[in-house]
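Topology and contacts: notes
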Amino acid sequence: MSRAFVKEDDADHGDDGLPERPVSPHPNLVTWEGLAAIEAELARLAEAIAVARAEDDRMALAALGRDQRYWEQRRISAEPVPPPDDPDTVQFGATVTILREDGRRQTYRIVGEDEADPNQGTVSHVSPLAQAVLGKGVGDEVVIAGQDAEIEAIS
């Protein structure tokens, strides 16, 4: 078929017809735990793909293949960052406690994008919260989501 008759968006689909999972343009910084989670996800996907092949489940194979391509790319691009060595400055991998102007005290660990889960106390290094506190120290004032906050602790 001539490329003239194929939609431009079709280039973003894998061989299985599913659109590829978007990959962040940011550096793929990961903690050691994040790297281990990528490896575990790839192992889980390999097992699931074997089962789907045995069952000849083409729909599952398509979805699992797309996920496997995503996680393989994330593994290749992963840049493991050792734990922070300066407890006086907020860095990637650090846990920071902030006191918001409304009195809320919140603690987050700054991690890679695929590791981030604010409900579990982790935020991506590219999130607005992380960007506001990176490079700062205890006692520094920051603005997060339009509110003033103070960095209370770094570990």
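Please refer to the structure placed before this passage.
This one's a predicted model, so the numbers in the text were calculated from it and none came from an experiment.

**Section: the overall build of the chain**
Along its length, the chain carries three helices and seven strands. The secondary structure elements of the chain, listed N-terminal to C-terminal, are β-α-α-β-β-β-β-α-β-β. A buried classification covers 33% of the 155 residues belonging to the chain. At a minimum sequence separation of 6, the contacts of the chain that also span at least 24 residues come to 53%. In the form shown here, the chain has an accessible surface area of approximately 9,400 Å², with 52% of it arising from carbon and sulfur atoms.

**Considerations on helix α2 (residues 58–77)**
If you check α2, its first and last C-alpha atoms are 28 Å apart, about what 20 residues at 1.5 Å a residue would give, namely 28 Å. Within α2, the full set of buried residues consists of A62, L64, G65, D67, Y70, W71 and R74. Tucked into the core, α2 has its buried residues touching β1 (28–30), α1 (32–54) and β2 (78–80). Measuring from the backbone nitrogen of M59 back to the side-chain oxygen at the start of α2 gives 3.4 Å, which picks out D57 as the cap.

**A closer look at the packing of α1 against α2**
Contact pair α1 / α2: the axes reach a minimum separation of 9 Å and the direction vectors enclose 155 degrees. With respect to each other, α1 and α2 are oriented roughly antiparallel. Judged by the twist between their axes, the crossing of α1 over α2 is left-handed. Taken together, the residues of α2 that come into contact with α1 (itself represented by L35, I38, E39, E41, L42, L45, A48, I49, A52 and R53) are A60, L61, L64, G65, D67, Q68, W71, E72, R74 and R75. Residue composition of the contact of α1 with α2, grouped by class: eleven nonpolar, two polar and seven charged.

**Observations concerning the pairing of strand β3 (residues 95–100)**
Sheet analysis places β3 next to strand β4 (residues 105–111), joined by five bridges and oriented antiparallel. The partner of I98 across the bridge, within β4, is Q106. What sits between β3 and β4 in their antiparallel hairpin is a turn of four residues, with G103 showing a positive phi close to 95 degrees. Sheet topology note: the β3/strand β7 (residues 147–154) ladder contains five bridges and is antiparallel. Bridging from a neighbouring strand, I98 pairs with I151 of β7.

So, how was this worked out
- Residues numbered from 1 in each chain as written.
- Predicted model: local features only at pLDDT ≥ 70, side-chain atom pairs only at ≥ 80, totals over all residues.
- Heavy atoms only, no water.
- Helix = DSSP H or I, 4+ residues; strand = E, 2+ residues; numbered from the N terminus.
- Buried < 20%, exposed > 50% of the residue type's maximum accessible area, 1.4 Å probe, protein only.
- Contact = heavy atoms within 4.5 Å.
- Areas by Shrake-Rupley, 256 points an atom, 1.4 Å probe, with all protein chains shown as cover.
- Expected span 1.5 Å × (residues − 1).
- Polar contact = N/O pair within 3.5 Å; in protein donor to acceptor, adjacent residues only side chain to side chain.
- Axes fitted to C-alpha atoms, helices over the stretch in contact; angles between N-to-C directions.
- Parallel < 35°, antiparallel > 145°, perpendicular 65-115°, else oblique.
- Left-handed = near helix turned anticlockwise from the far one by under 90°.
- Nonpolar A, V, L, I, M, F, W, Y, C, P; charged D, E, K, R; others polar.
- Pairing = 2+ DSSP bridges.

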